[in-house]
Each structure stands twice: as structure tokens, then as C-alpha cells.
Protein chains: 2
Amino acid sequence: MFDYESKMDQYLEKIEELVRSKRYAELRDLFLPMEPADIALLLEEAGAEQMPLLYRLLPKELAVEVFVELEADSQEMLINGFSNTELQEVLDELYLDDAVDIVEEMPASVVIRILDKATPELRKSINEILKYPEDSAGSIMTVEYLSLKKDMTVSDAFKRIRRIGGELETINILYVTDPTRHLLGVLSVRDLLLAEEDDLIEDIMDPNVIWARTLDDKEDVAQALSKYDFLAMPIVDMEQRLVGIVTVDDAMDVIEEETTEDFEKMAAMLPSDKPYLRTGAWETWRARLPWLMILMLSATFTGMILNHYENALAGCLVLNAYIPMLSGTGGNSGTQASTAVIRALSLDEVDFSDTLKVIWKELRVSLLCGVCLAAANFLKMQLVDRVLLGNEAVTPIVCLVVCLTILFVVVFAKCVGCSLPLLAEKIGLDPAVMASPFISTIVDATSLLIYFTFASRLLHL
Amino acid sequence: MFDYESKMDQYLEKIEELVRSKRYAELRDLFLPMEPADIALLLEEAGAEQMPLLYRLLPKELAVEVFVELEADSQEMLINGFSNTELQEVLDELYLDDAVDIVEEMPASVVIRILDKATPELRKSINEILKYPEDSAGSIMTVEYLSLKKDMTVSDAFKRIRRIGGELETINILYVTDPTRHLLGVLSVRDLLLAEEDDLIEDIMDPNVIWARTLDDKEDVAQALSKYDFLAMPIVDMEQRLVGIVTVDDAMDVIEEETTEDFEKMAAMLPSDKPYLRTGAWETWRARLPWLMILMLSATFTGMILNHYENALAGCLVLNAYIPMLSGTGGNSGTQASTAVIRALSLDEVDFSDTLKVIWKELRVSLLCGVCLAAANFLKMQLVDRVLLGNEAVTPIVCLVVCLTILFVVVFAKCVGCSLPLLAEKIGLDPAVMASPFISTIVDATSLLIYFTFASRLLHL
């Protein structure tokens, strides 16, 4: 592949040299063949001082494409440096969904300036999209789509595409609506090309259209697009009228963002929407401290349990050495189950109605794993701890206590691990929050209770 | 959204009733308006007995689209029931990349039968694609793309689309090649539609084409498609000749699969490629046991450390109560850093050359987090453990030992957590394997060493 990242430093050096020697025409020619996403990356890396200069070297249309790819703070800086005419030019070229994305990220003062310089129609459209909740399909749709009437002929359709197709984000998928904008059918530009000039749209369209509502969760809509291999999903309002489309590139961005959020939540972080190296230390600290604090304080319970059994422990101190292994194994077993279920939930493979099936599966898996782990641990305690290390305190009864605890802890951890995410989904919480750290904390306390129950019964402590 | 999942049970009941009363025409009409992915889901849920019957009700073209969406075991079952003519019909309708996917999943006996019934050209193409390594772009590309010559006019191009466009997976993106198949440019069907009939392709194409090589990693190619918002990526061979394209729907599938694998590896599971509920208990057990076993046995070290300090502990048993909190906090801190870095690596936001920047960031974040956690814990020990629970053993020095340990453990855990995935990437391992459970195990042992070092110095144990 054209591996851009590896040549980044060379390009940056070249840019710096050309800027220094004021060879602006050469600079422009350097950028021209590149993709907007790559130019944006170079501008970001070249730094805030050179960015406005470099940006102004780009031809107008390319400049806007690059602008869309920049991070929010760079966009803000550029806008603040724009003259009113420059700002208007950018706004005129933007696709509506990109304009909305930018407005959403800017501070109020910049938003006011943008809305002031936008055309009345653009202002109205931006305001309409901004009304949709942040996670809704409406918030990521574009209203610039191509609709046809059912009594048009194929050649009428081509005329319409030639007239307005240049301003639209996509013409690959076309929707057929009635005069009240209700969806009647869908067809691809290929269907048009393969049809006869005088065929009626009605006869070549597919009347079975899958659509989503403006208020549907944008992640569900993105997953549906992926499942059906669509290039766009039509979005209808409460009265089932077509109001916009979500395109596949936006769906991919949504899936990427939501996946990153899942990873962050599952690792006990608050989600952030900036790339790793662009998030400052304070911001990262704010995202990470809350859960660390909650989980640390909730470990008080495990401390209390250990205090409670202090005398029992003092009587048989060897038991203490196995506690990290027990809580680690319990935590890992629970994490496996919760991660598998959280991922299955986000891919729509399971839902709450499958709870019994899921628990039945995890129960069998955990028994299999528990028996194997207990057996392996039995061998290890006999061969390593007793024979190799010569620890006399590792009696057969101690061995039995540890191995029984492993079995019970693994079963408990897997059952809790698989059911908590399902429960969270049911009561409207994000299942990803019920992940590894949360479950480890529950399993830690429970495994101690199981351990000491066996120990006091079997060792008569 | 048309929420299919929620109506699944209703549909299944209806299907069963129609099958029982042999109302096959109605059954067929029930399926006709549905998307192939949904029909496939219904067929899977209806069970192996009814599947062949239901499948045969579908019109030929729809049937093949449904076939592609089925799980591998269902495809195998259907193929085993097909007559030779039926198999040939399916093979004739399949897109090449789907045919290759199917061949890759089938056991040898079925593959032999498929290759036997395929046309010589299809057999040759399948064999060619199968030669590419499993994770390469070549293995997921399709060779059915539309290429144009630079001296064609727009109307020549339309003629070519009308002639062969029906058999291609996509005509939205067209590639321009020279007689030796070297890539000269790219254009979209929209560019064609907006041009004049007698414009030359050469004049309207974009000569700056981003391409990937057959042996490039398929995940990198999928990420590039997403970054550039492409609908397809051209794939060239070692001599830079165009040999195929990767389409956006396949790229989305690759990203989804690789993300699921990352989740699985980060939760200490071996990756599996089947949906959660379709994986049997034995199969799940095989994927989960190895890492649980390795991590359990490596916890032997923490046990040995505890044994080593047994006498010190016996002298000040209250220290024991804080061990789970310390190892939990260390584990969670490390997991946050490793998860953030693993995700940033898979989104291409950082690479090994950023190691110093990453460590510098994590060092600052961990100092901030460590100080806050130590302070909160100090308050908690004073107010809860001493005053509320009246534990006399919690002296100011014990308090100091615990709080100092927290600070050092958090800093250590975050630095290890962020650097191990980068190191893994550098030496060619999968960074995702260096995740939570692995790092927790390292941090567990180290936090005990730090703890007992402070304890023996400050408490003179």
C-alpha cells in the first residue's frame, strides 16, 4: 500500500524547506496529488504557525475537503483567521452533514459567526439537524440526496442527475418518493444504466425499502448498513416521509467511534473523542480518575473480609499465598464471559431474551474450565509447592480447599460476567460499563468469601 | 428502524405454520420483500430440517444472495443436499470473492466437489485468490471490476458499462488502465454522468490513484478505505498491474472481524470466528482455557512473594487487608493505559516511533492519578478504618506505607501498560495480547514487592 505514515517525516522536512525558501508554487504542487485526509495530517503535523499559510495555498475545492478532515481545534484556529469572504466560501462548498459536524464542535462565539455568514437555507438546514439528539440517526444524516418520481422515465432520471447530481454527496443510490415524500422504492445508478431509456422508474425500482427513523440510535443504523451491505440508508420522519440519508462512510465513522468508546468503557475510562496523542494529560486524567477512585474505594469490602478472617488466616498463613491466584483467575474468567457477551450485544448477536441460553452456555463452559484449572492447580501445588519448594504447610486439605475454591469461583465469575451486561442492556445502561474492572471487584470479594467458607469448614479454623 | 430482530419470533411461527399446511406459495411471498441477510437469519433459526425446503422456495437469484449470508455449517449442509445442477447454478451466480469465502470455510471433500462443478475460468480464479495469505488484501479482493481505457469517450464507457456492468459487484468506481494493466486513473460513475458524451476518459479521470498491494495486510487496507471514504480500493500486483478491487462492504466486514478479535485477545481468549451463541461449549472452552491456565500458573510468583514475606506479614497482619485494593488499583491503572494504546495502534494513531511521547504522557497522567488516589486512600483509612471501624492497627506509618505504595504502583502500572503493546507491535506480536490480564499479572507481583519494600523499611519488619 502507498504507506503514507512512513514518509511523513520526509514530507514534513520538504514542506519546511519550501516554506523557508518561499517556493509556494512547488508547495502547492506537492499537495495537489494527495488525498484530503493525508493533507490534513500533514497540516496538523506542520503545526499551528504554518497551517494558515499552507491551507491558503490549496485550491478552493480541495481546501474545503481538507478542512473537513482537520481536528476541531485546527478548524477553530483556521476559522478565527478567516476573513468573512473566506468563511463564506468554505460554507458554500461544505456538504450539510460536514457543516453540522463542524458547528457541533465549535465554541459558541465561532458558531454565531458561522451561522451569520451561512446562507439562509444552510442556516435553516443546520438548525434542523442540530435539533436531533446527539446519538440519533438524524444527527448524522445529510439532507442532500437524490429523489425521483415513479412516473419518470430513465432518461428523465438521467436529466435530473445531470442537473443536480454535482452538488450531492452520492448519486449511487436513488430513492423514489410520492408527492408527499413517502418512500416508494429504491434503485441504484447501475439499475438506471442497465435499463432502457424509456423504462419507467416505477418498473425498475425495488419497492422493498429498508429505512430508519430520525430518532433511531445512530449505532443501530450503522450496524444495519453494514449487515445489509448498503451504500446508504434512507431516514424517515415520524410521518414516514423521507428527510435524509446516512451514507456508508459516515456509518463507518460511527462504528469506529462507538467501538473506541466500548474499549474505553470496558477499561474503566470515561470516553473521549480525540485521538490518543492529541488528548492532554489533564484531560486524560479526568477521564481515568473517576472509575479508578470508585473501584479503589469499593475494594474496601475485600479488605473488611480479610480483616474479619484475620484470626483464621493467622492460624494458617499459607492460605494467604493463594489469594492473588484465586482472585486473578476469578477476574480473568469473568472478563472472558463479560467481554464475549458485550461484543455479542453490540453486534446484535444476542439480546436480553437469550439470557437463559447464555447462562446455560457459560455454566457448561465454566464447569469445564473450572475442573481443568482445579486439576492443574492440584498438580502444581503437589509438585511445585510441596516437593520442589518443600513447603510443609501445603497439606492435602489445604490443597483441597484451594482447588474447590477455584472451581466455585470460576463458575460464579463466568455466570456473573455473562449476566451483568445483559441486565445492564435491559435496564437501559451501557453494557460496556459492566466489564472487566467492575466484575473483578465483585469477584474479588466473593472469591474471598468462598475461600474462607471452605477453609473454616475443612480446616476447622 | 424496521426492527427485524423483535419480530423474529412472529415470523418463525408463521413460517412453521405455513410449512405445516404446505402453503408454499405464501411462504415464498413472505420471503420475497426481505433482505437476503434477514432471510438467512430466519433460515438459520428455522433449523436444519426445514432449511433445504425453505431455501428451494426462493427465486434463483435471491437464493444465491441468501446463500452467501448463511453461516458456514449451513452452507455445507445445503451443498451436501444439492444436485450437481443446483450446485452449478449457485456457482454461476456467485461473485468471485463470495465463492472464495465459501471455499475457504468448507471441508476438503466439499471443496473438491465445488471445484469440480465450477467453470474452468471460475476454478482458475478461485485458485488464484486462494494463493494469497489469509490476512492479505489479495484474499478478500474481487477480480470482477470495471476498467476503462484512457482514449475511450464517455459514451464508449457507458456502452462498456451496459455490456458487462450487470455481472460486476460494483460500477460506482471505475479504473483506467493502459494495455499492460497499469493503473492510470480513477473516476466515479457520477463523473461520467456529469461529463459530455464525447469527453475523453483521460480528461475527466483523476490521475492520482491510491492503491494497495495484494500482499498488504487486509486490515490496513480496510482502515485506509475508511480513512479516505472510498467505496473501493484498487489492488495491484508486484509489477504494479491492477488485479482486483476491495469493496467497502468487505472492508467493513474485515474491520468488524478484527475488532472482535481484538476484544477477544484483550480478554485473554483465543479468537473464534463464529457468533457467540453458535459456538459450542467445547469450542468456547478450548478458546478460553489456555490463557486462564497460563495466567493462573504465573500467579505462582505472587504466591512465592507472599510466602517470602510471611514472617513480616505475621508481624503486622493489618497490611494483608490492603493487598487486594493495591493489586486491583494497579491492574486497573495498567489496563487503562494498555487499552488506550492498543486502540490507538489499531487506528494507526501511534506507532513505535511515538514511544517516548506516549511514556511521557502516561508518566504525567499516572502521577496525577497516583497522587489523587493516595490522598483519597489516606482519608479513607483515617476516617473509615481508624475512626469508623476502630481498627487500632491502622497507624499513621501503616497509612504512609499503603499510600506511598499506591503512588508507585499506579506510575509503574501505567508505564508498563503503555509500553508493552508498543514493544509487541515492534517485534511483530499482536499488541492486543499485551492487554489487561497479562499486565495485571505483572503488576500484581510488582506491587507486592513495592509494598513489602516500603513496609520493611518504614515499619522495621
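Quantities reported herein were computed from a predicted structural model and do not represent experimental measurements.

Draft legend 1. Structural context of the interface of chain B and chain A. On the side of chain A, 123 residues touch chain B, which itself brings 123 residues to the contact. Between chain B and chain A, a total of about 10900 Å² is buried, with carbon and sulfur atoms accounting for 66% of that surface. Remark: the boundary between chain B and chain A carries four salt bridges. For Arg 288 of chain B, the salt bridge goes to Glu 362 of chain A, with nearest N and O atoms at 2.7 Å. Summed over the shared surface of chain B and chain A, the result is 33 residue pairs in polar contact (both at pLDDT 80 or more). When its residues are assigned to classes, the side of chain B that touches chain A shows 69 nonpolar, 26 polar and 28 charged.

Draft legend 2. Spatial organisation of the side chain of Thr 259 of chain A. Checked against the element boundaries, Thr 259 of chain A lands in helix α16 (residues 248-266). A polar atom in the side chain of Thr 259 of chain A sits 2.6 Å from the backbone oxygen of Ile 255 of chain A. With near-sequence residues (within four places) excluded, Thr 259 of chain A lies in contact with Thr 259, Phe 263 and Arg 343 of chain B.

Draft legend 3. Broad picture of the packing of helix α21 (residues 355-388) of chain B against helix α22 (residues 396-426) of chain B. Residue and element names in this part refer to chain B. Between α21 and α22, the shortest axis-to-axis distance is 8 Å and the interhelical angle comes to 155°. The orientation of α21 with respect to α22, classified from their angle, is roughly antiparallel. For α21 against α22, the interelement crossing comes out right-handed. Taken together, the residues of the contact of α21 with α22 break down into 23 nonpolar, six polar and three charged.

Draft legend 4. Main features of the layout of surface pockets. Residue and element names in this part refer to chain B. The computed volume of the second largest pocket comes to approximately 230 Å³. Contributing to the lining of the second largest pocket are Glu 121, Lys 124, Ser 125, Glu 128, Ile 129, Tyr 132, Met 141, Val 143, Tyr 145, Arg 181, Leu 242 and Val 243. Going through the elements one at a time, α10 (120-130) and β6 (242-247) are the ones with two or more residues in the lining of the second largest pocket. No other element matches α10, which puts five residues into the lining of the second largest pocket. Tallied by class, residues from the lining of the second largest pocket come to seven nonpolar, one polar and four charged.

Draft legend 5. Broad picture of the pairing of strand β2 (residues 173-177) of chain B. Residues and elements named next belong to chain B. The buried fraction of β2 is high, at five of five residues. Where burial is concerned, the two faces of β2 agree: the one with Ile 173, Tyr 175 and Thr 177 and the one with Leu 174 and Val 176 are both buried. In this region the chain leaves strand β1 (residues 147-148), passes through helix α12 (residues 154-164) and returns to the parallel neighbour β2; the handedness of that crossover is right-handed. Sheet topology note: the β2/strand β3 (residues 183-188) ladder contains five bridges and is antiparallel. Counted as the bridge partner of Tyr 175 is Val 186 from β3. What sits between β2 and β3 in their antiparallel hairpin is a turn of five residues, with Arg 181 showing a positive phi close to 65°.

Draft legend 6. Layout of the sheet that holds strand β3 (residues 183-188) of chain A. Strand order in the open sheet formed by three strands is β1-β2-β3 (chain A), with mixed pairing between adjacent strands. Of all strands in the sheet, those with a lone pairing partner are β1 (147-148) and β3 of chain A, marking the two edges.

Draft legend 7. Looking closely at the sheet that holds β1 of chain B. Taking strand neighbours across the sheet as the criterion, the three strands line up as β1-β2-β3 (chain B) in an open arrangement whose pairing is mixed. Each edge of the open sheet is held by one strand with a lone partner, namely β1 and β3 of chain B.

Draft legend 8. A look at the packing of aromatic side chains. All names here are of chain A. Within this structure, the stated rule accounts for 19 aromatic pairs over all chains. Ring centres of Phe 408 and Phe 454 lie 5.3 Å apart, and the angle between their planes is 65°; on these two criteria the pair is classed as edge-to-face. Remark: Phe 454 occurs in helix α23 (residues 436-459) and Phe 408 occurs in helix α22 (residues 396-426); sequence separation between them is 46 residues. Of the residues examined, Phe 408 reaches a relative accessible area of 44% and is grouped as partly exposed.

Draft legend 9. Expanded view of empty space enclosed by the protein. A full pass over the atoms with the stated rule returns eight cavities of 30 Å³ or more. The volume enclosed by the largest cavity comes to roughly 660 Å³. What lines the largest cavity is a set of 43 residues, and nearest its centre among them are Ser 327, Gly 328 and Asp 444 of chain A together with Ser 327 and Asp 444 of chain B. Where the lining of the largest cavity is concerned, the elements lending two or more residues are α17 (281-298), α18 (300-308), α20 (323-346) and α23 of chain A together with α17 (281-298), α18 (300-308), α20 (323-346) and α23 (436-459) of chain B. Partitioning the lining of the largest cavity into residue classes produces 19 nonpolar, 22 polar and two charged. Considering only enclosed or pocket space, the second largest cavity measures out at about 170 Å³ in volume. Contributing to the lining of the second largest cavity are 17 residues, with Ile 255, Glu 256 and Thr 259 of chain A together with Ile 255 and Glu 256 of chain B lying nearest its centre. Looking at the lining of the second largest cavity, the elements that each hand over two or more residues are α15 (218-228), α16 and α20 of chain A together with α16 (248-266) of chain B. Residue contributions to the lining of the second largest cavity peak at six residues, all from α16 of chain A. Of the residues in the lining of the second largest cavity, the class split is five nonpolar, six polar and six charged.

Draft legend 10. Molecular detail of the pairing of strand β2 (residues 173-177) of chain A. Sheet analysis places β1 of chain A next to β2 of chain A, joined by two bridges and oriented parallel. Residue pairing for β2 of chain A: Ser 147 of chain A is matched across the bridge by Tyr 175 of chain A.

Draft legend 11. Here's a closer look at the nonpolar core. Among the nonpolar cores identified, the biggest contains 134 residues, and Phe 31 of chain A together with Phe 31 of chain B are the most heavily contacted of them. When sequence neighbours within four positions are dropped, the list of residues in contact with Phe 31 of chain B reads Ile 15, Ile 39, Leu 42, Leu 43, Leu 54 and Leu 58 of chain B.

Draft legend 12. Structural detail: the pattern of salt bridges. Considering all chains together, one arrives at 31 salt bridges over all chains under this definition. For Arg 278 of chain B, the salt bridge goes to Glu 44 of chain B, with nearest N and O atoms at 3.2 Å. A residue pair is termed long-range when its members are at least 10 positions apart, and Arg 278 of chain B in the loop between α16 and α17 and Glu 44 of chain B in helix α3 (residues 36-46) qualify at 234 residues. Arg 278 of chain B gets classed as partly exposed once you look at its relative accessible area, which sits at 31%. By relative accessible area, Glu 44 of chain B is classed as buried at 11%. Ionic contacts of the salt-bridge type, sharing partners, join the residues Glu 17, Arg 23 and Glu 26 of chain A into one network.

Draft legend 13. Seen up close, the side chain of Ser 346 of chain B. All names here are of chain B. On the secondary structure map, Ser 346 appears in helix α20. Taking the relative accessible area as the measure of exposure, Ser 346 reaches 19% and is therefore buried. If we ignore the near neighbours within four places in the chain, the residues touching Ser 346 are Glu 219, Gln 223 and Asp 262.

Draft legend 14. Spatial organisation of the confidence of the model for chain A. Per-residue pLDDT for chain A has a mean of 89; in total, 99% of the residues score no lower than 70. Reported for the predicted complex are a pTM of 0.85 and an ipTM of 0.84.

Parameters and conventions
Residues numbered from 1 in each chain as written. Chains lettered and ligands numbered in written order. Predicted model: local features only at pLDDT ≥ 70, side-chain atom pairs only at ≥ 80, totals over all residues. Heavy atoms only, no water. Contact = heavy atoms within 4.5 Å. Buried area = accessible area lost by both parts, 1.4 Å probe. Salt bridge = Lys/Arg side-chain N within 4 Å of Asp/Glu carboxyl O. Polar contact = N/O pair within 3.5 Å; in protein donor to acceptor, adjacent residues only side chain to side chain. Nonpolar A, V, L, I, M, F, W, Y, C, P; charged D, E, K, R; others polar. Helix = DSSP H or I, 4+ residues; strand = E, 2+ residues; numbered from the N terminus. Axes fitted to C-alpha atoms, helices over the stretch in contact; angles between N-to-C directions. Parallel < 35°, antiparallel > 145°, perpendicular 65-115°, else oblique. Left-handed = near helix turned anticlockwise from the far one by under 90°. 1 Å grid on protein atoms, 1.4 Å probe; cavity = no way out; pocket = protein on both sides within 12 Å on 5 of 7 lines; lining within 4 Å. Points joined across faces, edges and corners; volume = space filled by probe spheres on them. Buried < 20%, exposed > 50% of the residue type's maximum accessible area, 1.4 Å probe, protein only. Right-handed = clockwise from strand over helix to strand, strands pointing away. Pairing = 2+ DSSP bridges. Phe/Tyr/Trp six-rings, centres within 6.5 Å; stacked < 30°, edge-to-face > 60°. Core = buried A, V, L, I, M, F, W, Y, C linked by side-chain atoms within 4.5 Å. pLDDT = per-residue confidence, 0-100.

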